Amino acid sequence: MASKFTELAIDCADPVGLAQFWCAVLGYEVLDEEDGFVSIGSPSVPEGRDRPGPVPPTLGFARVPEGKTIKNRLHIDVNPTDRDQDEEVRRLLDLGARYADVGQGDVSWVTLADPEGNEFCVLATRCP
């Protein structure tokens, strides 16, 4: 058996605020909150350690003293599930995202940044 991708750790200045943003983006809920750390995950899928097959990863937000200084080397891609890409981009902008230019050029996805500047992409179509 190989390892499973079950969690993505994200350094940030405001774990609670960033967790609230990503809960709204993904339809997740807070799973755990302690001083300087918040974990969020899907409310409809149990924890993935003992579950066979793929599971939606949890996101963990940890407070760190330093700020983000360069483009992320790893980022999240999201796929709209119940609306088209333009409608989802508008929804995410209303939640506090902003457009980001990372030199992507003319592409089918839209690059945004979360409230702390972490880039992520909204895809036009879901590709397995």
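Owing to the predicted nature of the structure, the values given are computational and were not obtained by experimental measurement. (Residues numbered from 1 in each chain as written. Predicted model: local features only at pLDDT ≥ 70, side-chain atom pairs only at ≥ 80, totals over all residues. Heavy atoms only, no water.)

## Things to note about the pattern of salt bridges
No. 1: Inspection of the entire model under this criterion finds 4 salt bridges.
No. 2: A salt bridge links Lys 68 to Glu 119; the shortest N-O distance between them is 3.2 Å. Taken together, the residues Lys 68 in the loop between strand S4 (58-63) and strand S5 (76-78) and Glu 119 in strand S8 (residues 119-122) connect sequence positions 51 residues apart.
No. 3: The exposure class assigned to Lys 68 is partly exposed, which follows from its relative accessible area of 36%.
No. 4: Close ionic contact of Asp 82 with Arg 83 constitutes a salt bridge, the shortest N to O distance being 3.3 Å.
No. 5: Judged by relative accessible area, which is 58%, Asp 82 ranks as exposed.
No. 6: With relative accessibility at 33%, the residue Arg 83 sits in the partly exposed group. (Salt bridge = Lys/Arg side-chain N within 4 Å of Asp/Glu carboxyl O. Helix = DSSP H or I, 4+ residues; strand = E, 2+ residues; numbered from the N terminus. Buried < 20%, exposed > 50% of the residue type's maximum accessible area, 1.4 Å probe, protein only.)

## Examining the environment of Ala 19
No. 1: With respect to the helices and strands, Ala 19 occurs in helix H1 (residues 15-26).
No. 2: Residues Ala 19 and Phe 61, spaced 42 residues apart in sequence, show a C-alpha to C-alpha distance of 6.7 Å.

## Some thoughts on the sheet that holds S5
No. 1: Taken in spatial order, the 4 strands of this open sheet run S5-S8-S7-S6, and their pairing is mixed. For this open sheet the edge positions go to S5 and strand S6 (98-99), each flanked by a neighbour on one side alone.
No. 2: As defined by bridge partners, strand S7 (residues 110-113) adjoins S8 across 4 bridges and the pair is classed as antiparallel. The partner of Val 110 across the bridge, within S8, is Val 122.
No. 3: Against the sheet, H1 engages S5 and S8, with an angle of about 35 degrees to S5. (Pairing = 2+ DSSP bridges. Contact = heavy atoms within 4.5 Å. Axes fitted to C-alpha atoms, helices over the stretch in contact; angles between N-to-C directions.)

## Notes on the layout of surface pockets
No. 1: Here the largest pocket is characterised by a volume of approximately 680 Å³.
No. 2: Lining the largest pocket are 20 residues, and of these Leu 26, Ile 76, Asp 77, Val 78 and Asn 79 lie nearest its centre.
No. 3: The greatest single-element share of the lining of the largest pocket, amounting to 3 residues, is contributed by S5.
No. 4: In terms of residue class, the lining of the largest pocket is built from 11 nonpolar, 3 polar and 6 charged.
No. 5: In this model, the second largest pocket occupies a volume close to 500 Å³.
No. 6: Looking at which element gives the most residues to the lining of the second largest pocket, the answer is strand S1 (residues 7-12), with 5 residues.
No. 7: For the lining of the second largest pocket, the class distribution of residues is 11 nonpolar, 5 polar and 8 charged. (1 Å grid on protein atoms, 1.4 Å probe; cavity = no way out; pocket = protein on both sides within 12 Å on 5 of 7 lines; lining within 4 Å. Points joined across faces, edges and corners; volume = space filled by probe spheres on them. Nonpolar A, V, L, I, M, F, W, Y, C, P; charged D, E, K, R; others polar.)

## What to know about a negative patch on the surface
No. 1: Taken together, the side chains of Asp 32, Glu 33, Glu 34 and Asp 35 define an acidic patch exposed on the protein surface.
No. 2: Examined against the element boundaries, Glu 34 turns out to sit in strand S2 (residues 29-34). (Patch = residues over 30% accessible without salt bridge, like charges linked within 9 Å, V, L, I, M, F, W, Y side chains within 5 Å. Areas by Shrake-Rupley, 256 points an atom, 1.4 Å probe, with all protein chains shown as cover. Lys, Arg positive; Asp, Glu negative; His and termini not counted. Charge placed at Lys NZ, Arg CZ, Asp CG, Glu CD.)

## Points about the sheet that holds S4
No. 1: Pairing in this open sheet of 4 strands is mixed, and the strands run S1-S4-S3-S2 from one edge to the other. At either end of the open sheet lies a strand with only one pairing partner, and these are S1 and S2. Within the sheet, the average angular offset between the axes of one strand and its neighbour, ignoring direction, is 20 degrees.
No. 2: Inspection of the sheet shows S1 paired to S4 by 6 bridges, in the parallel sense. Paired with Asp 11 across the bridge in S4 is Ala 62.
No. 3: Set on the sheet, H1 makes contact with S1, S2, strand S3 (37-41) and S4; between it and S4 the angle comes to about 160 degrees.

That's the geometry; what it means functionally is another story.
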